[in-house]
Amino acid sequence: MPGLLEKRRDDREEGEIPTAGMADIAFLLLIFFLLVTTINVDTGIGMTLPPKLEDQEPPPVKERNLFNILVNSQGDLLVEDEPANIGQLRQRVKAHVTNFGEEPDLSVSPDDAVISIKTDAQTPYDTYIQVLDEVWMAYREIWDQIARTGQTPQGDQVLDQTYDSYEAYRSTLEPQEENLIREAFKAQISIAEPDTGD
Amino acid sequence: MASQRFERRTSDTEPGFTTASLPDIVFMLLIFFMVSTVLREQDIKVRTQLPEAEALTKIEQKRLISKIHIGPLKKGENEGDTAIQIDDALIDNRRAIRQIMYNKLQNEPRLIASLKVDVGSEMEVVNEVQQELREAGALRINYSSNRENPPN
C-alpha cells in the first residue's frame, strides 16, 4: 500500500514542464545577439552652421580679431595672407585667441576672436578636415588647460574642481548641463560662405 | 510516524541549488542586447572612407543622428561619380535635400546631421549640402571622422 502512494506521488512530479532547457535556449539567443551587436559610437567634428541670412549683412568683425585661413584647390594654405603649412596652424591659432590685446595684429580678447576657414570649390575634403581639426585642437588644448587648473588663461575661476582633461570634464556633464569651460572660453569658428561666382 | 517521514523527505530535496531563476537572468541580458542591437546597417551605395581627426566628439544620442553619405558611387553605370545618399535613397536633385532635412527636423528638432564624406571628395559638394542644410534650418552638423592614431 505505501508503494502505491509512492508511485502516485512520482507521477505527479513528472507532470511538470521541464524548464532546464529554457536556459539553454536563452543562452543561445543571448550569444547570437552578443555576436551581432556593435556598440559603436559615432565620432566626428561637431560644427554649427550659421543660420540663413535674410538679406541682412553678417555682423562686422574687426580685421585684427579675424584669423583668416584660406585653402586653395591644391590644398595649400594661406594664413593671414601668408603661405603656411598645417603643422604651424595649431600654435598660431592659440597665439591668436590667447593674445588679450598684446600684439596689435592679433585678437583683442578670446570672445572677439574669430577663426575663419575659407575653401575653394576644388579643395580636397581631407585637407579641410585637417585644417578644421587643427583649429579645434588649438581650442581643445586651451580647454584642457582650463580643466586641469580650473582657471581660464585670464585667471577667472570657472571650475570648483580640476580634471585630467577637457574630455574627462565633459564626460561628467549631464546632457542638459551647461558646459562651463566652453561657456568661459568660446570657440568661434566660421566657415566662410562659398563665393557664388559673381 | 507519517509526519516524521514527511520531514525526512523535504530535507532530502533541499540540497542542490535552484536554477529556476537562471533563465530570468539570461533573458534580462538577452533583452538588453536585443534592444541595443542594430541588426542591419543601411545599404550604403556610395563609398565613404572617412577622414581621420583628433578633436573628436562622441554623439551619445544615436536617435538624433541623420546620416548624409557623400562619396563616389560604388556600382552602376555612373560608377565613380560623386553622389549623395540620405537614408536608403540616392539624391538625384540636390535641391531636394532641404525638403528632406526640413521634414526630419520637424520630427526631431535636436537633429544632428552627420556628414559622412569620403576623403577624396571636393569641397564643392560639401558646401552645396551645407547650404541646403542651412536652408532647411538643420544647423547642427558633424563631420564624421575616425580617431587618428598619433605616430609613436
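Now for a description of the structure that goes with this document.

Rules behind the numbers
- Residues numbered from 1 in each chain as written.
- Chains lettered and ligands numbered in written order.
- Predicted model: local features only at pLDDT ≥ 70, side-chain atom pairs only at ≥ 80, totals over all residues.
- Heavy atoms only, no water.
- Salt bridge = Lys/Arg side-chain N within 4 Å of Asp/Glu carboxyl O.
- Buried < 20%, exposed > 50% of the residue type's maximum accessible area, 1.4 Å probe, protein only.
- Helix = DSSP H or I, 4+ residues; strand = E, 2+ residues; numbered from the N terminus.
- Core = buried A, V, L, I, M, F, W, Y, C linked by side-chain atoms within 4.5 Å.
- Contact = heavy atoms within 4.5 Å.
- 1 Å grid on protein atoms, 1.4 Å probe; cavity = no way out; pocket = protein on both sides within 12 Å on 5 of 7 lines; lining within 4 Å.
- Points joined across faces, edges and corners; volume = space filled by probe spheres on them.
- Pairing = 2+ DSSP bridges.
- Axes fitted to C-alpha atoms, helices over the stretch in contact; angles between N-to-C directions.
- Phe/Tyr/Trp six-rings, centres within 6.5 Å; stacked < 30°, edge-to-face > 60°.

### What about the pattern of salt bridges?
Taken as a whole and judged by the stated rule, the model has 14 salt bridges over all chains. Salt-bridge contacts for A:Glu183 lead to A:Lys186; the nearest nitrogen and oxygen are separated by 3.8 Å. According to the relative accessible area criterion, A:Lys186 is partly exposed, its value standing at 38%. The salt bridge involving B:Arg98 is made with B:Glu132; its shortest N-O contact spans 2.9 Å. With a gap of 34 residues between them, B:Arg98 in helix H3 (residues 96-107) and B:Glu132 in helix H4 (residues 123-136) connect regions that are remote in the sequence. One salt-bridge network, held together by shared partners, links A:Arg90, A:Lys94, A:Glu134, A:Glu141 and B:Glu54.

### Remarks on the nonpolar core
By size, the foremost hydrophobic cluster in this structure holds 63 residues, and its most contacted members are A:Ile69, B:Ile68, B:Leu133 and B:Tyr143. Sequence-distant contacts of B:Leu133, that is, excluding residues within four places in its chain, are made with A:Leu49, B:Ile68, B:Met101, B:Ala113, B:Leu115, B:Ala138 and B:Ile141. Membership of the second largest hydrophobic core comes to six residues, among which are A:Leu30, A:Phe33, B:Leu30 and B:Phe33.

### Considerations on empty space enclosed by the protein
If you walk through the whole model with that rule in mind, you get one cavity of 30 Å³ or more. Each pocket or cavity is described by its volume, and for the largest cavity that value is around 60 Å³. Taken together, 10 residues form the lining of the largest cavity, with A:Leu49, A:Ile191, B:Gln130, B:Gln131 and B:Arg134 sitting closest to its centre. The biggest single contributor to the lining of the largest cavity is H4(B), with four residues.

### Looking at the sheet that holds strand S7 (residues 140-144) of chain B
Judged by pairing direction, the sheet is mixed, and its seven strands sit side by side in the order S2(B)-S1(A)-S7(B)-S6(B)-S3(B)-S4(B)-S5(B) without closing on themselves. Strand pairing shows two members of the sheet lacking a second neighbour, strand S2 (57-59) and strand S5 (89-91) of chain B, which therefore form its edges. Shown here is a sheet whose adjacent strand axes are inclined to one another by a mean of 40°, direction ignored. Inspection of the sheet shows strand S3 (residues 65-72) of chain B paired to strand S4 (residues 82-86) of chain B by five bridges, in the antiparallel sense. Across the sheet, B:Gly71 pairs through a bridge with B:Ala83, a residue of S4(B). Sheet contacts for helix H4 (residues 125-149) of chain A: strand S1 (42-48) of chain A together with S2, strand S6 (112-117) and S7 of chain B; angle to S1(A), the most-contacted strand, approximately 80°. Strand contacts of H3(B): S3, S4, S5 and S6 of chain B, with the helix running at about 25° to S4(B), the strand carrying the most contacts.

### Some words on the packing of aromatic side chains
Residues and elements named next belong to chain A. Taken as a whole and assessed by the stated rule, the structure comprises 10 aromatic pairs over all chains. Arranged with centres 6.1 Å apart and planes meeting at 50°, the rings of Trp 136 and Trp 143 form a pair that is tilted. Trp 143 carries the same exposure label as Trp 136, and that label is buried. An angle of 65° between the planes, with centres 6.4 Å apart, marks the rings of Tyr 139 and Phe 185 as edge-to-face. In this pair, Tyr 139 sits in helix H4 while Phe 185 sits in the loop between helix H6 (180-184) and strand S6 (189-191), placing the two residues 46 residues apart along the sequence. For the pair Tyr 139 and Phe 185, one class covers both residues: buried. Here the aromatic residues Trp 136, Tyr 139, Trp 143, Tyr 166 and Phe 185 are joined through ring pairs into a cluster of three or more.

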